[in-house]
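Given next are the chains, with one letter for each unit.
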Amino acid sequence: MPKDGYVVAVAGATGAVGEVMLQVLEQRKFPVRKLLALASERSVGKRLPFSGEEVRVEMLTRDAFKGVDIALFSAGAGRSLEFAPAAWQAGAVVVDNSSAFRMDREVPLVVPEINPHAIALYTQRGIIANPNCTTIVTLMALAPLHRFSRIKRVVASSYQAVSGAGAKALEELKQQVRAWARDQPLMVEVFPYQIAFNVLPHIDVFQENGYTKEEMKLVHESRKILEDPAILVSPTTVRVPVFTAHSVSVHVETEQKIPAAKARELFSAFPGLQLLDDPAAKQYPMPLYAAGKDDCYVGRIREDLAVPNGLNFWVCGDQLRKGAALNAVQIAEVLAERYL
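Residues numbered from 1 in each chain as written. Predicted model: local features only at pLDDT ≥ 70, side-chain atom pairs only at ≥ 80, totals over all residues. Heavy atoms only, no water.

Per the counting criterion, the structure on display carries 16 salt bridges. A salt bridge links Glu82 to Arg62, with the nearest nitrogen and oxygen atoms 3.5 Å apart. Linking Glu82 in helix 2 (residues 77–89) with Arg62 in the loop between strand 4 (53–59) and strand 5 (70–73), this pair joins segments that are 20 residues apart in sequence. Here Arg178 makes a salt bridge to Glu171, at a shortest N to O gap of 3.8 Å. Bridged by salt links that share partners, the residues Asp104, Glu106 and Arg125 form one connected network. (Salt bridge = Lys/Arg side-chain N within 4 Å of Asp/Glu carboxyl O. Helix = DSSP H or I, 4+ residues; strand = E, 2+ residues; numbered from the N terminus.)

Rendered as structure tokens:
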């Protein structure tokens with residue numbers, strides 16, 4: 001590691017995830033020698049706080065990555081496809097938070113607590129992909145079980161916060177709640193229907209098989225990260241009127257039975273995962289508890305009543321932190337420690 005640290009670029013620095021990336025870099029004391037905050041033309045000139053100073057936002061262009069060591073991308077799949085190759089050609093290693101490269105066979109898809117060894121494959125394309133936020137939260141609880149006894153089948157239903165759809169979605173929920181309280185008409189623009197006091201079993205576009213694109217991400221990404229293409233995954237993704245932190249109800253079937261007590265033991269020992277499972281004391285994971293936290297939280301652990309080797313649990317995690325920004329910075333930390 002260079003004694004004076006790294007030149008780090010954040011592409012999409014003014015977005016919800018980009019801003020959290022800056023916070024996480026600072027909070028975890030990543031060795032940043034120089035920070036470049038990059039965004040679209042409409043954000044150029046804005047100033048963002050970082051390490052007690054202000055960083056001026058510059059234009060995201062193909063020429064912006066000269067001298068950059070690590071480029072953290074959270075600017076959307078289209079911009080990643082356009083600018084990530086240029087960053088690599090300029091000498092930067094790209095950690096991309098979009099869906100652009102996740103299923104590319106030459107691009108590692110990484111959750112550092114689960115498959116850090118895959119980061120070594122970045123040399124093939126110069127890009128490391130950050131998984132979908134729901135995938136990360138779900139796999140943080142599935143991975144320790146899979147290591148103990150291979151997972152055969154997963155049924156997962158997500159309860160996803162509106163901030164996962166961006167700043168405009170977050171504002172729409174706020175405005176709808178205010179309008180409802182004032183007995184005023186509720187404006188609907190971001191989501192297909194009112195989100196306040198409602199749930200939408202619809203995230204992203206529907207595919208020919210009846211599942212949404214968001215649901216299929218959980219299927220394909222889980223298999224790639226756990227390195228087991230035979231795992232069966234049946235997902236349902238739902239948008240709920242929660243500001244921050246995704247929740248997932250998970251049923252898992254394993255080759256060998258994992259008693260609830262053993263599952264608690266496995267969960268407790270897994271880094272980045274906190275056990276919160278005391279129903280008698282009304283202690284269980286909730287978005288209100290997980291929001292703003294780095295770890296994911298797992299609880300409501302119980303053996304399935306219908307399948308011999310089945311286990312049910314509930315897991316929550318902040319999709320802006322562990323589901324996005326934190327995971328990307330953790331990847332950068334492994335890069336800095338082992339590869340750069």
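Packing of helix 3 (residues 133–148) against helix 6 (residues 260–269) brings their axes to within 9 Å, and their N-to-C directions diverge by 115°. Taken as a pair, helix 3 and helix 6 cross one another with a handedness that is right-handed. Contacts from Ala141, Pro144, Leu145 and Phe148 in helix 3 reach Lys262, Ala263, Leu266 and Phe267 in helix 6. Of the residues that constitute the contact of helix 3 with helix 6, the class distribution is 7 nonpolar, no polar and 1 charged. (Axes fitted to C-alpha atoms, helices over the stretch in contact; angles between N-to-C directions. Left-handed = near helix turned anticlockwise from the far one by under 90°. Contact = heavy atoms within 4.5 Å. Nonpolar A, V, L, I, M, F, W, Y, C, P; charged D, E, K, R; others polar.)

Here the focus is the packing of aromatic side chains. For any pair of aromatic rings, geometry is given as the distance between the ring centres together with the angle between the planes. Scanning all chains against the criterion turns up 7 aromatic pairs. Centre to centre, the rings of Tyr6 and Phe30 are 6.1 Å apart; their planes meet at 40°, and the pair counts as tilted. Of this pair, Tyr6 sits in strand 1 (residues 6–11) while Phe30 sits in the loop between helix 1 (16–27) and strand 2 (32–39), placing them 24 residues apart in sequence. The same class applies to Tyr6 as to Phe30, namely buried. With a centroid separation of 5.6 Å and 20° between ring planes, the pair formed by Phe65 and Phe73 is classed as stacked. Directly above the ring of Tyr289 sits Lys293, whose terminal nitrogen or CZ lies 3.8 Å from the centroid. (Phe/Tyr/Trp six-rings, centres within 6.5 Å; stacked < 30°, edge-to-face > 60°. Buried < 20%, exposed > 50% of the residue type's maximum accessible area, 1.4 Å probe, protein only. Lys NZ or Arg CZ within 6 Å of the ring centre and 35° of its normal.)

Moving on: helix 8 (residues 321–339). At 3.6 residues per turn, the α-helix brings residues three or four places apart onto the same side. The largest bend in helix 8 comes to about 40°, at Asn327. Here helix 8 lies mainly inside the structure; 15 of its 19 residues are buried. (Bend = angle between axes of the 7 residues up to and from the residue.)

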